[in-house]
Amino acid sequence: MAQIITRLFGGFEISNASGVELKPSTRKTLGLLAFLILEPGRWHSRDRLSGLLWSDRQQSHARHSLTQAVSTIRKLGDEVGVNLIETERERVRLLGDGVSADTTLFRENLEDSCVEAAQLYTGPLLDGVPALDPVFDEWLLTQRAEFHELVCTALERAIDEAEVSGDLVSSVANAKRWVTLDPYAEPAHRRFIGLLAASGDRPEAIRHYQVCAKLLMDELGIE
């Protein structure tokens, strides 16, 4: 059973199995932990990690800061009796056995249960986390875009499955969420409008068509 519970969608929360919040001492330690959580069990070179969060420092200073952050993460695991991190001379990895993460569960559910995967996505990855380093910030933007695309694909599949089973209520709900997450995706709007009409709510379908047409014209200049 996981002794550390983490939520990376919609923010960043860490707690022990009893729900008591755990707080890394610095923002960059938090950023390092988030990076490692996203790839549990994978080794990362110390140069890669120090350059990720301390790119403005000389290598020796950056490596020293990394060592301190790794030590803090290790102590975080010790607080709850988990061997959280493993290190070698030139590399570091997170031991994922004692950690539960919504991002990991999201990926595990993508193939077997797209509905459950979509429910786990409660907002952009590490939403609200302040800028930490240009290199880290660029990596985070890429990760956010990847998860955003994955959840939109999951919602589209959930709509397909609900339609096949004749569950128009779920189809409409998932289509509405897809539109909310990706307001400039015309296929999402078309799907939502069609499902509203199919469910008998033609006035709402027409209203949303008008909203969509105005949005695309105002923001993208598309008729």
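Our subject is the structure listed above.
Quick summary incoming for the structure in this document. All of these numbers come straight from a predicted model, not from anything done at the bench.

**Some remarks on the overall build of the protein chain**
Per the secondary structure count, the protein chain includes nine helices and six strands. Summarising its shape, the C-alpha atoms of the protein chain cover approximately 65 × 40 × 25 Å along the three principal directions. Expressed as a percentage of its 223 residues, the buried residues of the protein chain come to 41%. When the 24 basic and 34 acidic side-chain charges of the protein chain are each reduced to a single mean position, those positions are 6 Å apart.

**Details of the environment of S45**
Here S45 is to be found in strand β3 (residues 44-45). On the basis of relative accessibility, which here comes to 34%, the residue S45 falls in the partly exposed class. Distance in space between the C-alpha atoms of S45 and A173 is 44 Å, their sequence separation being 128 residues. S45 has contacts with E90 and R91, leaving out every residue within four places of it along the chain. From its side chain, S45 meets the backbone nitrogen of R48 in a polar contact 3.0 Å long.

**Quick notes on the pattern of salt bridges**
Per the counting criterion, the structure on display carries 12 salt bridges. Between R42 and E39 there is a salt bridge, with the nearest N and O atoms lying 2.8 Å from each other. Notably, a salt bridge pairs D218 with K214, separated by 2.6 Å at the nearest N-O pair. Placement of both D218 and K214 in helix α9 (residues 202-220) is noted, with a separation of four residues, approximately one turn of the helix. Through salt bridges with shared partners, a single ionic network connects D47, R63 and E90.

**Things to note about the pairing of strand β2 (residues 13-16)**
Pairing of strand β1 (residues 4-7) with β2, which is carried by four bridges, proceeds in the antiparallel orientation. Looking at β2, one finds that I4 is bridged to N16.

**So, the packing of aromatic side chains**
Within the structure shown, the criterion is met by six aromatic pairs. Here F9 and Y121 contribute two aromatic rings whose centre-to-centre distance is 5.0 Å and whose plane-to-plane angle is 55°, an arrangement assigned as tilted. One end of the pair, F9, is in the loop between β1 and β2; the other, Y121, is in the loop between α5 (114-120) and α6 (134-164), with 112 residues separating them in the sequence. No difference in accessibility class separates F9 from Y121, as the two residues are buried. Each member of the aromatic cluster is reached from another via a ring pair, and the members are F9, F106, Y121 and F147.

**A word on the sheet that holds β3**
As summarised here, the arrangement of the three strands in space is β3-β5-β4, forming an open sheet in which the pairing is antiparallel. Unpaired on one side and paired on the other, β3 and β4 (85-87) mark the two borders of the sheet. In this sheet, strand β5 (residues 91-94) lies alongside β3 in antiparallel orientation, the contact comprising two bridges. Across the sheet, H44 pairs through a bridge with V92, a residue of β5. Against the sheet, helix α1 (residues 27-37) contacts β3, β4 and β5, and its axis sits at roughly 75° relative to β5.

**Concerning a nonpolar patch on the surface**
Among the surface-exposed residues, Y184, L220 and I222 lie close enough to one another that they form a single nonpolar patch of about 270 Å² accessible area. Checked against the element boundaries, I222 lands in the segment after α9.

**Some remarks on the packing of helix α4 (residues 102-112) against α6**
Interaxial distance between α4 and α6 falls to 11 Å at its minimum, and their mutual angle equals 40°. Classed by the angle they form, the pair α4 and α6 counts as oblique. In this structure, α4 meets α6 at a crossing whose hand is left-handed. Seen from α4, the contacting residues are T103, F106, R107, L110 and E111; seen from α6, they are E146, F147, L150, V151, A154 and R157.

**Considerations on the pairing of β5**
Along β5, the buried face is formed by V92 and L94; none of R91 and R93, which line the opposite face, is buried. Bridge count for β4 against β5 is three bridges, and the pairing is antiparallel. When the sheet's bridge partners are listed, I85 is paired in β5 with L94. The antiparallel pairing of β4 with β5 creates a hairpin that spans three residues between the two strands.

What counts, and at which threshold
- Along each chain, the written sequence defines residue order, and numbers are assigned to residues from 1.
- The predicted origin of the model limits local features to residues at a pLDDT of at least 70 and limits the giving and counting of side-chain atom pairs to 80 or more, whereas totals for whole chains, interfaces and linings rest on all residues.
- Hydrogens and water molecules were not included; the side-chain quantities draw on all heavy atoms of the structure.
- In DSSP terms, a helix is any run of H or I states spanning at least four residues, a strand is any run of E spanning at least two, and both are numbered starting from the N terminus.
- Partly exposed residues are those whose accessible area sits between 20% and 50% of the maximum for their type, while under 20% is buried and over 50% is exposed, using a 1.4 Å probe and protein chains only.
- Residues scored as charged are limited to Lys and Arg (positive) and Asp and Glu (negative), so that His and the chain ends carry no count.
- All charge positions are set by atom: Lys at NZ, Arg at CZ, Asp at CG, Glu at CD.
- In this analysis, two residues are considered to be in contact whenever any of their non-hydrogen atoms come within 4.5 Å of each other.
- As used in this structure description, the phrase polar contact means that two N or O atoms lie within 3.5 Å; if the pair is within protein, one of them must be able to donate a hydrogen and the other to accept it, and residues adjacent in sequence are counted only when both atoms belong to side chains.
- The term salt bridge refers to a side-chain nitrogen of Lys or Arg lying within 4 Å of a carboxyl oxygen of Asp or Glu.
- We treat two strands as partners when DSSP finds at least two bridges between them.
- Only Phe, Tyr and Trp rings take part, Trp by its six-membered ring, and two of them pair if their centres are within 6.5 Å. Stacked means planes under 30 degrees apart, edge-to-face means over 60, and tilted covers everything else.
- Axes here refer to lines fitted to C-alpha atoms; in helices the fit is confined to the stretch in contact. Angles between the N-to-C directions go from 0 to 180 degrees.
- Each patch groups residues whose relative accessible area exceeds 30% and which form no salt bridge, using 9 Å between like charges and 5 Å between nonpolar side chains of Val, Leu, Ile, Met, Phe, Trp and Tyr.
- Per-residue accessibility takes into account occlusion by the displayed protein chains alone, with areas from the Shrake-Rupley method and a 1.4 Å probe.
- Any angle that is under 35 degrees is reported as roughly parallel, and any over 145 degrees as roughly antiparallel; angles of 65 to 115 degrees are reported as roughly perpendicular and all others as oblique.
- By convention, the crossing between two helices is left-handed when the near helix turns anticlockwise from the far helix through less than a right angle, and right-handed when the turn is clockwise.

Read these as spatial facts, not as claims about activity.
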